[in-house]
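# Structure assessment
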Amino acid sequence: LSHGGSNYSNTADTEYEIIGPLSPDDLNMCIIRAMRHMKLTTHLPLTVFTDADMETSGVASWTGTNATPLKTTTAADVYSGTQALNIALSSANGYVQGPTFRTHPSTKIYTSCIGRAEVGTLSLQLVNISDSSALFGTAVTYSGEEYGHLWRVDTTPSTCEEMAVR
């Protein structure tokens, strides 16, 4: 590559100019500087109810109907954190329900979970505790054995002042 003022010529791929050696320390600093500017997506629980992140010891916050809630610390069964909720069904249509929490009627609510179904189907349902535990919205389901992200956007019913996730 030859330089003639502000014009460069002879830019064929077979010719090049070595500016100077780049030491491994310089290369590492460039990589670190570039990584500081990278944006990475991270999923963290932001919740209004107790033990949504599954880090509380035991399952006192979770109740089961035709199912037994358990906490597991086996690395292969934990997506993130130190433990995860594991649900052992004792019959069909079993479920585990989280603690109730206050909400405003006719308000948009965003809910999500990360989970997998070794057998059967995982579903994310919302329960209107103020209205005899009636389900509302459309349940999101997933039957994959690898982790999946389930999410929903719903409007709480006009009668809903207290709800739960099932």
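The preceding data block contains the structure.
So, here's what we can say about the structure. In this convention, every chain numbers its residues from 1, walking through the sequence in written order. In keeping with the model being predicted, local features are shown solely for residues with a pLDDT of at least 70 and side-chain atom pairs are shown and tallied solely at 80 or more, while totals for entire chains, interfaces and linings include all residues. As a convention, hydrogens and water are excluded, and side-chain values are obtained from all of the structure's heavy atoms.

### Thoughts on the overall build of the chain
Along the chain, the regular secondary structure elements total one helix and twelve strands. Here a strand is any run of E in DSSP of at least two residues, a helix any run of H or I of at least four, and the numbering for each starts at the N terminus. Across the chain, helices and strands are ordered from the amino to the carboxyl terminus as β-β-α-β-β-β-β-β-β-β-β-β-β. Classification of residues uses two cut-offs on accessible area relative to the type maximum, computed with a 1.4 Å probe and protein chains only: under 20% is buried, over 50% is exposed, and between them is partly exposed. Counting every position in the chain, which comprises 166 residues, the buried fraction comes to 24%. In what follows, residue pairs with any heavy atoms lying within 4.5 Å of each other are defined as contacts. For the chain, the proportion of contacts with a sequence separation of at least 24, taken over those separated by at least 6, is 61%. Accessible areas in this description were obtained via Shrake-Rupley with a 1.4 Å probe; residue shielding takes into account the shown protein chains only. Per element, the accessible surface of the chain, about 11700 Å² overall, is 53% carbon and sulfur.

### What to know about the sheet that holds strand β7 (residues 101-102)
Following DSSP output, two strands are said to pair if at least two bridges run between them. What the four strands build is an open sheet, ordered β7-β12-β9-β10; its pairing is antiparallel. Because the sheet does not close on itself, it has two edges, and the strands there are β7 and β10 (134-142). Where β7 meets strand β12 (residues 162-165), two bridges bridge the pair, whose relative direction is antiparallel. Bridge pairing in β12 links F101 to M163.

### Section: the side chain of D154
Mapped onto the elements of the fold, D154 is located in strand β11 (residues 148-155). D154 sits in the buried class, given a relative accessible area of 11%. The term polar contact refers here to a pair of N or O atoms within 3.5 Å; inside protein, the definition further demands a hydrogen-donor-capable atom paired with an acceptor-capable atom, and it admits residues adjacent in sequence only when both atoms are side-chain atoms. For D154, the side chain forms a polar contact with the side chain of R152, separated by 2.7 Å. Not counting chain neighbours up to four residues away, the residues in contact with D154 comprise T107, K108, I109, L126, F136, G137 and T138.

### Re the nonpolar core
The nonpolar side chains of a soluble globular protein tend to be buried, and buried together. Counting residues in hydrophobic clusters, the biggest one holds 16 residues, and the most contacted among them are F101, L126, M163 and V165. The element contributing the most residues to this core is strand β9 (residues 122-128), with three residues. Residues within four places of F101 in sequence aside, it is in contact with V48, F49, I109, E161, E162, M163, A164 and V165. For this analysis, a nonpolar core means a set of buried residues of the types Ala, Val, Leu, Ile, Met, Phe, Trp, Tyr and Cys, connected via side-chain atoms within 4.5 Å.

### What about a nonpolar patch on the surface?
Residues enter patches when their relative accessible area tops 30% and they take part in no salt bridge; the joining distance is 9 Å for like charges and 5 Å for the nonpolar side chains Val, Leu, Ile, Met, Phe, Trp and Tyr. Between Lys or Arg on one side and Asp or Glu on the other, a salt bridge is scored when a side-chain nitrogen of the former is within 4 Å of a carboxyl oxygen of the latter. Judged by side-chain polarity, L22, L27, I31, M35, M38 and L40 come together as a nonpolar surface patch covering roughly 640 Å² of accessible area. In this structure, L40 sits in the loop between α1 (24-36) and β3 (63-65).

### Notes on the packing of aromatic side chains
Within 6.5 Å between ring centres, the rings of Phe, Tyr and Trp (the latter by its six-membered ring) count as paired, and their orientation is classed by plane angle as stacked under 30 degrees, edge-to-face over 60, tilted in between. For the coordinates displayed, the defined rule picks out three aromatic pairs. Taken together, a centroid distance of 6.0 Å and an interplanar angle of 75 degrees make the contact between F49 and W62 edge-to-face. Of this pair, F49 sits in the loop between α1 and β3 while W62 sits in the loop between α1 and β3, placing them 13 residues apart in sequence. Judged by relative accessible area, F49 falls into the buried class, the value being 14%. Of the residues examined, W62 reaches a relative accessible area of 10% and is grouped as buried. Here a set of aromatic residues connected by ring pairs shows up, and it is made of F49, W62 and F101. R166 extends its terminal NZ or CZ atom over the ring of Y95, reaching a point 3.8 Å from the ring centre. Definition used: whenever NZ (Lys) or CZ (Arg) falls within 6 Å of the ring centre and also within 35 degrees of the ring normal, the charge is taken to sit over that ring.

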